[in-house]
Amino acid sequence: MAQNVKYVNGNNSWDPDSLGNHRAAISVAATSQASKVVIPWRRRDDPTSKQIIVVDAKTSKRILNVKTENISRESGTIYFEPTSGAGKYYVYYMPYKVTARSNYPKAAYLPLKNTASEAWLAKTSKAKPATLLYLEAVNAMNSFYPMEVIATKAEVTALGKSKKPYLVFAEDREHPIKMTHDLPQRWIQKGAARKFSGSAAKGENYSYQLGVYAVAKDLKNVQVFFYDLKDAKGHTIDSRNMSCLNTRGTAYDGSFLEKKVDIAKSDIQAMWCLVDVPEKTTAGTYTGKVDVYSKGAPTTTIPISITVKNQTALNGGVNHPELQTRLTWLNSTLAQQNEVIKPYIPLKVDDNTISLLGRKVRLDKFGFPKQIQTFFTPEMTNLSSTPKNILGEGIHFHITDAATHKDIAFEPGYLVESFDSKTGEKLGAKIIGGGYAAPYVTPGKISWNSYNYSEAMTMEVDASIEFDGYMNYSVKFTANQDISLDDIKLHIPFDTAAAKYLMGLNQKGGLRPDTLNWKWDVAKKNQDGAWIGEVNAGLQYSLRDENYVRPLNTNFYLQKPLLLPNSWGNGGKGGILIAKKGNNILSENYSGPRSMKKGDVLCYNFTLLITPFHPINSDFQWSTRFYHKYNNLDSIKATGATVVNIHHATPINPTINYPFIAHNAMKHYIDSAHQLGLKVKIYNTVRELSNSAYETFPMRSLGHEIYSPGKGGGYSWLQEHLGDDYIAAWYVPEIKDAAIVNSGMSRWHNYYVEGMNWLVQNVGIDGIYLDDVAFDRITMKRIKRVLTQDGHPGIIDLHSANQYNKSDGFNNSANLYMEHFPYLNRLWFGEYFDYEKNSPDFFLTEVSGIPFGLMGEMLQDGGNPWRGMVYGMTNRMPWSDNADPRPIWQAWDQFGMQGSKMIGYWVPNSPVKTNNPKVLATVYKKANKALVAIASWADSDTSIKLSIDWKALGIDPTKAKITAQPIKNFQQANIFTEGGEIPVAKGKGWLLVVE
């Protein structure tokens, strides 16, 4: 008969990083030279090679005379010397040592070793029995009880005598199933399900589990079928309000999701059943059934009884996530409608031209862009009536027949063949329906398609453009006959005037090289396209196929890299050549020679992003001042900051990317901030997720949908409770918050959107701080909608550590996240961005955000304040060393930056220039005065002279003065004259007031 073991919570009464998270409390009744205890620990790990540490409770000293015997997962026999005689002793049975860096630790379990003397070992044969008092976890979070206390082999064997191929165990929502390879002892005590009973409130998002145990064979295509529940009076809970989270749902993009569940022999699968109880349900007990089905196995019917209480749950009960009431968020479609988001405007169509904010696209007969134009001033502060062409000629494909070495000519339309009704003889053929189909127009999205025919192939084009300038092309080539091809390549001919800069394809942001020849290398490189452009006109493009899956990023690219597109990659033959051709800069995206059989299909998909997205909002930059630290609000207010960013690992936001644990304290803090006129944003992104999430194990039951597969390891909690098949992520030692890497695009994004909505409505957050991003533009649009609803400010700033490194696949942060830029308010780039050694062109394209309608801040080593001001950037207080922008804020206020017009050094007719091309000047112009930011990239100290267009500044040169106001840690006071020498130290500069 199984021993009745007591399990208790240690309330963090010992150091787990030296002794482990688990111990057994042992009572020794009388003094002896050796004590013996059998501990029925029922462990999910393999204990045979792990060290045992015994500690005297009275002295807190380790006992070295220890011996182990019959160690198994079910139990172990421990001998020890009771050094203080009768009393309590602790047996620590999973001790570990933390290795590697603190934020990415590895818990290495101490190996078994003998510390006992030979003389004492000889005495163990006369050991007196001791008593197990209880098993204790260091805290509730680390407890194995009850769902990770395993059944013994004998208990499991007894279950198998039923001869059923599988068993179903009904379990309530408060005991999430955690083990996939072991049955919990709890189920042995309860027995296989004869029925499930539970209770719910009206309107509650209720759930329960069906644990399916594959006893005798592998199970295929396991499904749960629901039936109406009825009370004694005939009231009904409709089965349409019920679903199985594991088999059906709504994908992150709003599409229907269907998943196949297979269970390997001897494994356990949790099937989470969701019941949305209608608010108008009459109180009472509702009964019915569910059927569990597996292909080739008999159906198992489980009677269901749910008592609906005479009380109504607020908002589905989501204020109590510990009851799994938020699982329904995983299937949410909140903010999925593609409504236009400010400052963007509805799309308009005029014949073959589509207009959007600051941009126009003209389509050719196939539906490809014939011309793309932007309407932004060179300063990027306003829209312009003068168009700037991005393309030198239209975007087009070349499909070259290997037999003739000539391009296959397509004719828009469908081939219609006619046949003799009697003989079946072909009479003729003609092409009808030329040109792309009339577009489907909504304010936020316009879609169109075309069908194009040639004797050898057909080309189907499905395309769309959205209000932010994102274009998506699905281009499908189908072989009408066996054919060999020299190439299928896409030409993007850029107007030379709109191709000054390039970012991507193994190139840091900066001036475009004369020639660039790039090849696919997805195993090591997160690269599938580039941004090419000027400050006020550009185009990012990415090459994809129908199997595209967003890879992991930020330290984890190599664990889940890009998939090589079968079309563009062509087994390594594909690549990109960018070079001058005629009057244009041609991006030739080739795939190389190949053969196609009749009926073969290749998808040459690609995306386009037209930049800039909107003018820069410089007044927002001057007036919105971030304080990036949890601190006393009065102290923050005194700095002049206006927005507080609350990082994770803080008292009101302790757990990474799960800002729900301390929400009451967060609300109190935010309410207090609002009373002081401060806004508060919180750290909350998708990339990794805290192990404190209430939904951790329900989401683990979804396989690799939400958590990425991996080798496991990391901090002890992850190893002890997840076991294997995960990637360990960020860890905070102070609070022992251990994160797990998300898998990429998943239903967690639906939860994320709903969670953000809940935080806006219930906590009052003013926006979010994104620490790198692992979701796409679909989710970004949704969170912008919920953050800005009902007049909320919805401020979003994006921080990124420089992604141009081996672990991140050598992608540029700005290139990687450009699809999110339309919805951001500020950039913060970031760790490992070198502000000293990189060129102005790198600053402009990769760091400043200006070519995309954004402005930014600097991070690494506090940034370079002189160079930063050429782009309107400071550092951010008080996150990094030397990060104190207050002296520059004061200079802004003294000058009156609000309402000034920023005229960057890149503007051809800038009114203030220097005589040294390596010393640049940006002007902030107001009526009758200007602030001139000067920064040097010269190799040494130098002197410059200013060339000033006084008329353009609106200042009388005879009355003008040029002064440097004293700014702490930036410059000393000085006075300069027009035409006079101005000394500029290497890597530094000036802020000069001209008035």
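Residues numbered from 1 in each chain as written. Predicted model: local features only at pLDDT ≥ 70, side-chain atom pairs only at ≥ 80, totals over all residues. Heavy atoms only, no water.

Draft legend 1. Looking closely at the overall build of the chain. Helix and strand content of the chain: 17 helices and 68 strands. In terms of overall dimensions, the chain is globule-like: its C-alpha atoms have a radius of gyration of 33 Å, near the 30 Å expected for 995 residues. Taking as baseline every contact in the chain between residues at least 6 positions apart, the subset at least 24 positions apart corresponds to 72%. Here the chain has roughly 39,700 Å² of accessible surface; of this, 48% comes from carbon and sulfur atoms. Charged side chains of the chain number 110 positive and 95 negative; the gap between the two group centres comes to 4 Å. (Helix = DSSP H or I, 4+ residues; strand = E, 2+ residues; numbered from the N terminus. Rg over C-alpha atoms; globule rule 2.2 N^0.38 Å. Contact = heavy atoms within 4.5 Å. Areas by Shrake-Rupley, 256 points an atom, 1.4 Å probe, with all protein chains shown as cover. Lys, Arg positive; Asp, Glu negative; His and termini not counted. Charge placed at Lys NZ, Arg CZ, Asp CG, Glu CD.)

Draft legend 2. Up close: the sheet that holds strand 8 (residues 87-92). Ordered in space as 1-12-2-8-4-5, the 6 strands form an open sheet in which the pairing is mixed. Two strands bound the open sheet, and with one partner strand each, they are strand 1 (7-9) and strand 5 (62-63). (Pairing = 2+ DSSP bridges.)

Draft legend 3. A look at the environment of Lys-598. One can find Lys-598 in the loop between strand 46 (594-596) and strand 47 (601-603). Separated by 310 residues in the primary sequence, Lys-598 and Pro-908 place their C-alpha atoms 55 Å from one another.

Draft legend 4. Seen up close, the nonpolar core. Ranked by internal contacts, the top residues of the largest apolar core, which has 253 residues, are Phe-397, Tyr-473, Ile-765 and Phe-821. Top contributing element to this core by residue count: helix 11 (residues 748-762), with 8 residues. Not counting residues within four places of it along the chain, the set of residues in contact with Ile-765 comprises Met-666, Ile-670, Val-680, Ile-682, Met-756, Leu-759, Val-760 and Leu-787. Membership of the second largest hydrophobic core comes to 32 residues, among which are Tyr-206, Tyr-208, Val-212 and Ala-297. (Core = buried A, V, L, I, M, F, W, Y, C linked by side-chain atoms within 4.5 Å. Buried < 20%, exposed > 50% of the residue type's maximum accessible area, 1.4 Å probe, protein only.)

Draft legend 5. Region of interest: the environment of Gln-3. Along the polypeptide, Gln-3 turns up in the segment before strand 1. What makes Gln-3 partly exposed here is its relative accessible area of 44%. Distance from Gln-3 to Ile-39, taken between C-alpha atoms, is 9.7 Å for residues 36 residues apart in sequence. Gln-3 has contacts with Pro-40 and Leu-132, leaving out every residue within four places of it along the chain.

Draft legend 6. Summary view of the packing of aromatic side chains. By the definition in use, this model includes 54 aromatic pairs. Ring centres of Tyr-104 and Trp-730 lie 5.6 Å apart, and the angle between their planes is 90°; on these two criteria the pair is classed as edge-to-face. In this pair, Tyr-104 is assigned in the loop between strand 9 (96-99) and strand 10 (106-109) and Trp-730 in strand 53 (residues 728-732), connecting sequence segments 626 residues apart. Each member of the aromatic cluster is reached from another via a ring pair, and the members are Phe-368, Phe-397, Phe-410, Trp-448, Tyr-473, Phe-477, Trp-568, Tyr-604 and Phe-606. For Arg-43, the ring lying beneath its charged end belongs to Trp-41, and the centroid distance is 4.5 Å. (Phe/Tyr/Trp six-rings, centres within 6.5 Å; stacked < 30°, edge-to-face > 60°. Lys NZ or Arg CZ within 6 Å of the ring centre and 35° of its normal.)

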